[in-house]
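Remarks on the overall topology
Residue-level listing of the chains:
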2 protein chains.
Amino acid sequence: MPIDDPIPLSLSGERLSAVYRIQAADEDAALACARDICLEQTVEFPDALIPNAAIRDQIVGAVVGIAAAGAGAWDVTIRYPVEAAGGELTQLVNLLFGNVALQPGVRLMDFRLPEGMLAGCRGPRFGIAGLRERLGVHDRPLLCTALKPMGLSPRALAALAYALALGGIDLIKDDHGLADQPFCPFDERVARCAEAVQRANRETGRHCLYLPNVTAPTHLVQARARAARDAGAGGLLFCPGLAGLDTMRLLAADDGLGLPVLSHPAFIGGLAVSPTAGLSHAVLYGRLNRLAGADAAIFPHLGGRFTFTADDCRSIHASCTDAMAGLAPIFPVPAGGMRLARVRELCDFYGREVMLLIGGDLHALAPGEDLIQRCRRFVALAGAGGG
Amino acid sequence: MPIDDPIPLSLSGERLSAVYRIQAADEDAALACARDICLEQTVEFPDALIPNAAIRDQIVGAVVGIAAAGAGAWDVTIRYPVEAAGGELTQLVNLLFGNVALQPGVRLMDFRLPEGMLAGCRGPRFGIAGLRERLGVHDRPLLCTALKPMGLSPRALAALAYALALGGIDLIKDDHGLADQPFCPFDERVARCAEAVQRANRETGRHCLYLPNVTAPTHLVQARARAARDAGAGGLLFCPGLAGLDTMRLLAADDGLGLPVLSHPAFIGGLAVSPTAGLSHAVLYGRLNRLAGADAAIFPHLGGRFTFTADDCRSIHASCTDAMAGLAPIFPVPAGGMRLARVRELCDFYGREVMLLIGGDLHALAPGEDLIQRCRRFVALAGAGGG
């Protein structure tokens, strides 16, 4: 049905681009799949029914490149008009991968945006340089740990936070499972833990940051973040998969807060699990986190409790730190069962610009060792391995 | 490190339960994996380091059942304390599947909650019965279509909406790629399309609903929803994967809005793609949508542009309509390339309590046919097949 639209389309011609890895029998089949993606992600309409040439020329994605990517796989580059994203992160994600997410055999490997395309996405407020400045730590990897386990009272967690800060940890985050449970209410936990870390800082002269978990129902996120800041928290932990990628952007962009944001992959991490579908590790952990303003991105390093490969981890490191539409580089935060015994190896793998997150193993005290001493060992290992 | 917590844990003992399908070499390996899940999803701490018995007994998940589920797979049932979810949907999702999402070989198949466990989750406001009441359609499947393609102006989309409503469609939604693009601004589109559908309703005496897409940056969702209602929209389209599951809950629970919500699986649908990881179709399309208040859930039916199986679709139908913690049943909305030629088959598959969504094929006019006539054919087919 041809439609003579009374308002003819007239877009700028500016494009963003995305690379999809397509599993297919041969290059022709990969190209056919790519052309389907061009339609699916824009007009979601059969090509033959597109009502006018302007839409076909200006809205529908265009395949601009194809390259073999191993046996039975091709990397296809598709360009989309920037206007299709409407200047919003939510619609950009939809344009890049909304419906294609439901399709096995297609994986979004990477994307490139013109600088400043999303006015609301100013990216990381701190990034690597800003976090180092705030912490006053310039010569070694940053060190992070989590307050856990769930089930401890705010008093007990605050006692832990005090010891961890005395021991020289740089960033102490809530475990991401600490929300506002009756056995550990948010307000009490945050007040006690922030006070404990500030007390330790007064004793050490250091600038350890406490990052409460503000992953919460949508209508409560802002209030928790402000309560955290008012209580003296030095940053925020947030799970965009649980409470929204754009909500993280909003936290990061909030000048009234002005706090660093550490992103945790709970739930959304499932989108990178299949190697032939979903999002690449680079997109999930690097690109989307940077766009949404995270200053550091947690992910499971190889050889821990999860099954990431060395290539996965390298791609995350690259996508956190490479040039990206004018956005600041951010810390990759390898985690998921890391141990003190692997600190040297982690430093060799990532270099100095990394945040090391060790949780449980910091509590696996050697005979005669206390928690403060063990933290100091962590600091010494990171200084030796990453300095 | 044993910690004598000054505030001893004392939970109610009330539990929720989850079933995970675990790929493993044998039952012992499946059980070992299940015990890891019990820790991972709660304390995220090595068992040996859990600081006191109360946490081990009351917080850590407990395996309460295991059953073979085909070659190399076992379904394991785990119970968690309701308090661990803290009464919040965001933390419930984290408890059920936060970190496990990152793990291949584990799939969340289903879960059961005690009734009223999440005070903020009142579930679907309308559900099947309420939507039928609002539409005045009781004797056949509901019929839905989308305003598309992207690239048409608000005027052109409103002309389409008018014809579709005259033709007897029950629900006309924005295509989920229509956001607030410069070539089709939200406010103008919604005003024009709502007016067009109301005008058609005055002519037909029917109660066709227009559902604008209010998937948007977090700080704009409420304003768009209110603008939509004020313009006369009869419901809302929302993509929880793009703008947050809890944000959908908030829209559905908003008494000041009081509008039905249609859920679209863009992006989040990727979590169900791998058959051995992620979320089952039942959890993703049924359980989470009902918890978060959707009145109808869109998903790709088999044989369309996506690769769902008959079993996938049956499980979605069941999880949308079965007994679930006192929440109203909702409409399954099979879609993704459905055609008029398949309406009878769809009615046979789902029975009468289904919402059929046909987009592009409604515009594939037969010789001499116009859009209004084609819509009437859709209505007649659904009446004949589903009555």
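Look up: the structure comes first, before these words.
Reading the values: rules and limits
As a convention, each chain's residues are numbered from 1 in the sequence order in which they are written. Chains carry letters and ligands carry numbers; both start at the beginning, A for chains and 1 for ligands, and go up in the order they are written. Only residues with pLDDT of at least 70 are given local features in this predicted model, and only at 80 or more are side-chain atom pairs given and counted; all residues enter the totals for whole chains, interfaces and linings. Heavy atoms from the whole structure form the basis of all side-chain values; hydrogens and water molecules are not counted. The way it works is that DSSP assigns letters per residue, a run of H or I at least four long becomes a helix, a run of E at least two long becomes a strand, and they are numbered from the N terminus. All radius of gyration figures rest on C-alpha atoms, and the globule criterion is 2.2 Å times the number of residues raised to 0.38. When accessible area is computed with a 1.4 Å probe and restricted to protein chains, residues below 20% of their type maximum are described as buried, those above 50% as exposed, and intermediate ones as partly exposed. Where accessible areas are quoted, they stem from the Shrake-Rupley method and a 1.4 Å probe; at the residue level, only the protein chains shown are allowed to cover. Should any heavy atoms of two residues lie within 4.5 Å, those residues are considered in contact. By convention, the term buried area covers the 1.4 Å-probe accessible surface removed from two parts as they join, with the contributions of both added. By definition here, a salt bridge exists when the distance from a side-chain nitrogen of Lys or Arg to a carboxyl oxygen of Asp or Glu is within 4 Å. Polar contact is the term for a pair of N or O atoms within 3.5 Å; when the atoms are in protein, one must be able to donate a hydrogen and the other to accept it, and sequence-neighboring residues count only if both atoms are side-chain atoms. Any residue outside Ala, Val, Leu, Ile, Met, Phe, Trp, Tyr, Cys, Pro, Asp, Glu, Lys and Arg is labelled polar, Gly included; the first ten of those are nonpolar and the last four are charged. For the least-squares superposition of copies, only C-alpha atoms count, and only for residues with pLDDT at least 70 in both. Angles run from 0 to 180 degrees between N-to-C directions of axes, and those axes are lines fitted to C-alpha atoms, restricted for helices to the stretch in contact. In this scheme, roughly parallel covers angles under 35 degrees and roughly antiparallel covers those over 145, while 65 to 115 is roughly perpendicular and the rest are oblique. Helix crossings get a hand from a simple test, with the near helix turned counterclockwise from the far one by less than a right angle marking a left-handed crossing and a clockwise turn marking a right-handed one. Two strands qualify as a pair provided DSSP detects at least 2 bridges between them. Helix span, expected: 1.5 Å multiplied by one less than the number of residues in the helix. Stacked, tilted and edge-to-face are the three classes applied to pairs of Phe, Tyr and Trp rings, where Trp contributes its six-membered ring and a pair requires centres within 6.5 Å; stacked means planes under 30 degrees apart, edge-to-face means over 60, and tilted covers the rest. Placement of a charge over a ring requires the Lys NZ or Arg CZ to be within 6 Å of the ring centre, with the centre-to-atom vector within 35 degrees of the ring normal.

Helices and strands together make up the secondary structure of chain A, namely 13 helices and 13 strands. Radius of gyration (C-alpha) of chain A: 23 Å, near the 21 Å computed for a compact globule of 387 residues. Counting only C-alpha atoms, chain A reaches 75 × 45 × 35 Å along its principal axes. Within chain A, the proportion of its 387 residues that are buried is 64%. As presented, chain A carries roughly 12500 Å² of accessible surface, and 52% of it is formed by carbon and sulfur atoms.

To continue, consider the interface of chain B and chain A. Counting residues at the interface gives 84 residues for chain B, matched by 84 residues for chain A. In this assembly, chain B packs against chain A so that about 7200 Å² is buried in total across both faces, 68% of it on carbon and sulfur atoms. For the pair chain B and chain A, the interface holds eight salt bridges. Notably, a salt bridge pairs B:Glu44 with A:Arg305, separated by 3.4 Å at the nearest N-O pair. The tally of links from chain B across to chain A stands at 28 residue pairs in polar contact (both at pLDDT 80 or more). The leading source of residues in the side of chain B that touches chain A is helix α3 (residues 89–97) of chain B, at five residues. Taken together, the residues that form the side of chain B that touches chain A break down as 48 nonpolar, 23 polar and 13 charged.

All names here are of chain B. Among the secondary structure elements, Arg352 is positioned in the loop between α12 (343–350) and β13 (355–357). For Arg352, a relative accessible area of 37% puts it in the partly exposed group. Sequence spacing of Arg352 and His138 is 214 residues, and the spatial spacing of their C-alpha atoms is 9.2 Å.

Attention now goes to the relation of the copies chain B and chain A. For the pair chain B and chain A, the relating rotation is 180 degrees, the translation along its axis is 0.0 Å, and the fit reaches an RMSD of 0.0 Å. When the rotation and shift are considered jointly, the pair of chain copies conforms to a two-fold rotation axis. Across chain B, the rotation axis passes nearest the C-alpha of B:Gly244, at a separation of 2.3 Å. Looking at the interface residues of chain B, 100% of them are also at the interface in chain A, so both copies use one shared face.

With that out of the way, let us pick up the packing of helix α7 (residues 218–231) of chain B against helix α9 (residues 245–253) of chain B. All names here are of chain B. Running from N to C, α7 and α9 point in directions that differ by 30 degrees, and their axes come no closer than 11 Å. It follows from the interaxial angle that α7 and α9 lie roughly parallel. Remark: the crossing between α7 and α9 carries right-handed chirality. Side by side, α7 and α9 meet where Val221, Gln222 and Ala225 of the first sit next to Thr247, Leu250 and Leu251 of the second.

Residues and elements named next belong to chain B. The sheet built from five strands is open, its strands ordered β2-β3-β1-β4-β10 with mixed pairing. This sheet does not close on itself; its edge strands, each paired only once, are β2 (62–68) and β10 (278–279). By the bridge criterion, six bridges tie strand β1 (residues 15–23) to strand β4 (residues 106–112) in an arrangement that is antiparallel. When the sheet's bridge partners are listed, Ala18 is paired in β4 with Phe111. Strands in contact with helix α1 (residues 27–40) are β1, β2, β3 (73–81) and β4; relative to β2, the strand with the most contacts, it is inclined by about 150 degrees. Relative to β1, α3 is tilted by about 40 degrees, and along the sheet it contacts β1, β3, β4 and β10.

What follows is about helix α1 (residues 27–40) of chain A. Residue and element names in this part refer to chain A. Over its 14 residues, α1 extends 20 Å from the first C-alpha to the last, a length consistent with the 20 Å expected when each residue adds 1.5 Å. Of the positions making up α1, those classed as buried are Ala30, Leu31, Cys33, Ala34, Ile37, Cys38, Leu39 and Glu40. Its side-chain oxygen placed 3.2 Å from the backbone nitrogen of Asp28, Asp26 serves as the N-cap of α1.

Here we take up the sheet that holds strand β12 (residues 331–335) of chain B. Residues and elements named next belong to chain B. Pairing is parallel in the open sheet, where four strands are placed in the order β8-β9-β11-β12. What marks the edges here is a single partner per strand, and that holds for β8 (236–238) and β12. Ignoring which end each strand starts from, the neighbouring axes of this sheet average 25 degrees apart. When strand β11 (residues 296–300) meets β12, the two strands line up parallel, connected through five bridges. In the sheet register, Pro300 faces β12, and the bridge partner there is Ala335. Strands in contact with helix α11 (residues 310–321) are β11 and β12; relative to β11, the strand with the most contacts, it is inclined by about 175 degrees.

Here the bond from A:Lys148 into A:Pro149 is cis, since omega is 0 degrees, no more than 30 degrees from zero. Structurally, A:Pro149 is set in the loop between β5 (142–147) and α5 (154–166). Not every positive phi belongs to a glycine, and B:Phe267 is a case in point at roughly 70 degrees. Structurally, the position occupied by B:Phe267 is in the loop between β9 (261–263) and β10. Here the phi dihedral of B:Ala325 falls at roughly 45 degrees; this positive angle occurs in a residue that is not glycine. Along the polypeptide, B:Ala325 turns up in the loop between α11 and β12.

Our next topic: the pairing of strand β4 (residues 106–112) of chain A. All names here are of chain A. Counting buried residues along β4, five of its seven residues qualify, which places the element largely inside the surrounding structure. Two strands pair when backbone bridges link them, and β4 and strand β10 (residues 278–279) are joined in this way by two bridges, in the parallel orientation. Looking at β10, one finds that Leu108 is bridged to Leu279.

Bringing the packing of aromatic side chains into the picture now. Considering all chains together, one arrives at ten aromatic pairs over all chains under this definition. Ring geometry for A:Phe97 and B:Phe267: centres 6.5 Å apart, planes at 85 degrees, overall edge-to-face. A residue pair is termed interchain when its members come from two chains, as with A:Phe97 in helix α3 (residues 89–97) and B:Phe267 in the loop between β9 and β10. The ring of A:Tyr162 has A:Arg199 sitting right over it, with the charged end atom 4.4 Å from the ring centre.

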